[in-house]
Amino acid sequence: SQQGEEDPQALSIQEGENATMNCSYKTSINNLQWYRQNSGRGLVHLILIRSNEREKHSGRLRVTLDTSKKSSSLLITASRAADTASYFCATVLTGANSKLTFGKGITLSVRP
Amino acid sequence: ETGVTQTPRHLVMGMTNKKSLKCEQHLGHNAMYWYKQSAKKPLELMFVYNFKEQTENNSVPSRFSPECPNSSHLFLHLHTLQPEDSALYLCASSPGTGGFYEQYFGPGTRLTVT
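Criteria and cut-off values
- Numbers given for residues are sequential positions, taken from 1 along each chain in its written order.
- Chains and ligands are labelled sequentially in the order written, the chains with letters from A and the ligands with numbers from 1.
- Side-chain atom pairs in this predicted model are given and counted only at pLDDT of 80 or more, local residue features only at pLDDT of at least 70, and totals for whole chains, interfaces and linings cover all residues.
- In computing side-chain values, all of the structure's heavy atoms are included and hydrogens and water are not.
- Comment: elements are numbered from the N terminus, with helices defined as DSSP H or I runs of at least four residues and strands as E runs of at least two.
- We take the radius of gyration over the C-alpha atoms and set the globule estimate at 2.2 Å times the residue count to the 0.38 power.
- Whether a residue is buried, partly exposed or exposed follows from its accessible area with a 1.4 Å probe, protein chains only, as a fraction of its type maximum: under 20%, in between, or over 50%, in that order.
- Contacts are residue-level and defined by heavy atoms, with any inter-residue pair within 4.5 Å sufficient.
- Residue burial considers only the protein chains on display, and all accessible areas are found by Shrake-Rupley using a 1.4 Å probe.
- When charges are counted, Lys and Arg are positive and Asp and Glu negative, with His and the chain ends excluded.
- Note on charges: their place is set at NZ of Lys, CZ of Arg, CG of Asp or CD of Glu.
- What gets called buried area is simply the loss in accessible area from a 1.4 Å probe that two parts show on being joined, summed for both.
- Here a salt bridge means any side-chain nitrogen of Lys or Arg lying within 4 Å of a carboxyl oxygen belonging to Asp or Glu.
- Polar contacts here mean pairs of N or O atoms no more than 3.5 Å apart (in protein, one a potential hydrogen donor and the other a potential acceptor; neighbouring residues in sequence count only if both atoms are side-chain atoms).
- Only Asp, Glu, Lys and Arg are considered charged in this grouping, and only Ala, Val, Leu, Ile, Met, Phe, Trp, Tyr, Cys and Pro are considered nonpolar; every other residue, Gly among them, is considered polar.
- Note on terminology: a nonpolar core comprises buried Ala, Val, Leu, Ile, Met, Phe, Trp, Tyr and Cys residues joined through side-chain atoms within 4.5 Å.
- We treat two strands as partners when DSSP finds at least two bridges between them.
- Note on definitions: angles span 0 to 180 degrees between N-to-C directions of axes, and those axes are lines fitted to C-alpha atoms, for helices only across the stretch in contact.
- Cysteine sulfur atoms that pair up within 2.5 Å are treated as a disulfide.

The helix and strand inventory of chain A stands at zero helices and 11 strands. The linear arrangement of helices and strands in chain A, starting from the amino end, is β-β-β-β-β-β-β-β-β-β-β. Against the 2.2 N^0.38 benchmark of 13 Å for 112 residues, chain A shows a C-alpha radius of gyration of 13 Å, consistent with a compact globule. With the C-alpha coordinates of chain A rotated into their principal frame, the extents come out at 45 × 25 × 20 Å. Looking at the 112 residues of chain A, the share that counts as buried comes to 46%. Here the analysis covers contacts within chain A between residues at least 6 apart in sequence; of these, 54% occur between residues at least 24 apart. Summed over all atoms, the accessible surface of chain A reaches about 5,200 Å², with 44% contributed by carbon and sulfur. One way to put it: in chain A the 14 positive side-chain charges average out to a point 6 Å from where the 9 negative ones average out.

In structure tokens:
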């Protein structure tokens, strides 16, 4: 099975609400990255969090990492319709250089 | 605009055709990647190039043949494909293949094999 598994698979919220997406992984990581993909387009990098970091922020995005639980969460605050996209977590395993292992992704729909 | 371009954006080909996908990055990166994205499956890494040298082939069938003439250009040559090869093919680049680099993706080529 894949290294990163996102939860939930799909999420629908109202504009202005917060969206929380989770990612779990199985083996020791170097870092974990979150990407966004708009329908049928390429992926856009959002945040990279290293294994020795616990929390990172970028604008309305907040990512946490709990290596003891092998899990990460992505929080989008004050969501907008433009946040509608698929979100992927990707892990870089310890010793695996920059090889990213992706999960299947979470489909986020933000209703205007 | 991520600085990575891919052409064509859409491609329909028969199982006996030969075609090529092209990727170009304008970021001065040294590493380039090909990924395959199929519906309801995780993104699959196909090939990795670092300084024009292939460093990873993820057990990809030989009907997919990559070529990296320089650090800015990456090609994927396709021949005698199968319908299950229909997918979105994504190219990406990064400064290097060290552990802490993010990857920059192109918009992808939507391939349909008939």
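Our focus in this paragraph is the interface of chain B and chain A. Taken together, the contacts link 26 residues of chain B with 22 residues of chain A. A buried area of about 1,900 Å², summed over both sides, lies between chain B and chain A, and 54% of it is on carbon and sulfur atoms. For the pair chain B and chain A, the interface holds one salt bridge. Here Lys99 of chain A ties to Glu56 of chain B by a salt bridge, and the two come within 3.1 Å at their closest N and O atoms. Linking chain B to chain A there are four residue pairs in polar contact (both at pLDDT 80 or more). Put simply, the parts of the chain that give the side of chain B that touches chain A at least two residues each are strand S4 (31-37) and strand S9 (87-94) of chain B. By residue class, the composition of the side of chain B that touches chain A is 11 nonpolar, nine polar and six charged.

Turning next to the side chain of Gln6 of chain B. Residue and element names in this part refer to chain B. Of note, Gln6 is situated in strand S1 (residues 4-7). Accessibility expressed as a relative area gives 4% for Gln6, which makes it buried. There is a polar contact of 3.0 Å between the side chain of Gln6 and the backbone nitrogen of Cys91. Residues within four places of Gln6 in sequence aside, it is in contact with Lys22, Cys23, Trp34, Tyr89, Leu90, Cys91, Gly106, Pro107, Gly108 and Thr109.

Core analysis: the biggest nonpolar cluster contains 23 residues, and Met21, Leu32, Trp34, Leu74, Ile76, Tyr87 and Leu108 of chain A have the highest contact counts within it. Counting residues in each nonpolar core, the second largest holds 22 residues, with Val4, Leu21, Phe64 and Val113 of chain B among its members.

Residue and element names in this part refer to chain B. Spatially, the four strands line up as an open sheet ordered S1-S3-S8-S7, and their pairing is antiparallel. Each edge of the open sheet is held by one strand with a lone partner, namely S1 and strand S7 (64-70). The average angle at which neighbouring strand axes cross in this sheet is 20 degrees, direction not considered.

With that out of the way, let us pick up the state of the cysteines. Residue and element names in this part refer to chain A. Counted by the stated rule, this structure contains two disulfides over all chains. Between the sulfur of Cys23 and that of Cys89 lies a disulfide, 2.0 Å long from S to S. Taking the sign of the S-S torsion, about 60 degrees here, the bridge from Cys23 to Cys89 comes out right-handed. A residue pair is termed long-range when its members are at least 10 positions apart, and Cys23 in strand S3 (residues 19-24) and Cys89 in strand S9 (residues 85-93) qualify at 66 residues. Accessibility expressed as a relative area gives 0% for Cys89, which makes it buried.

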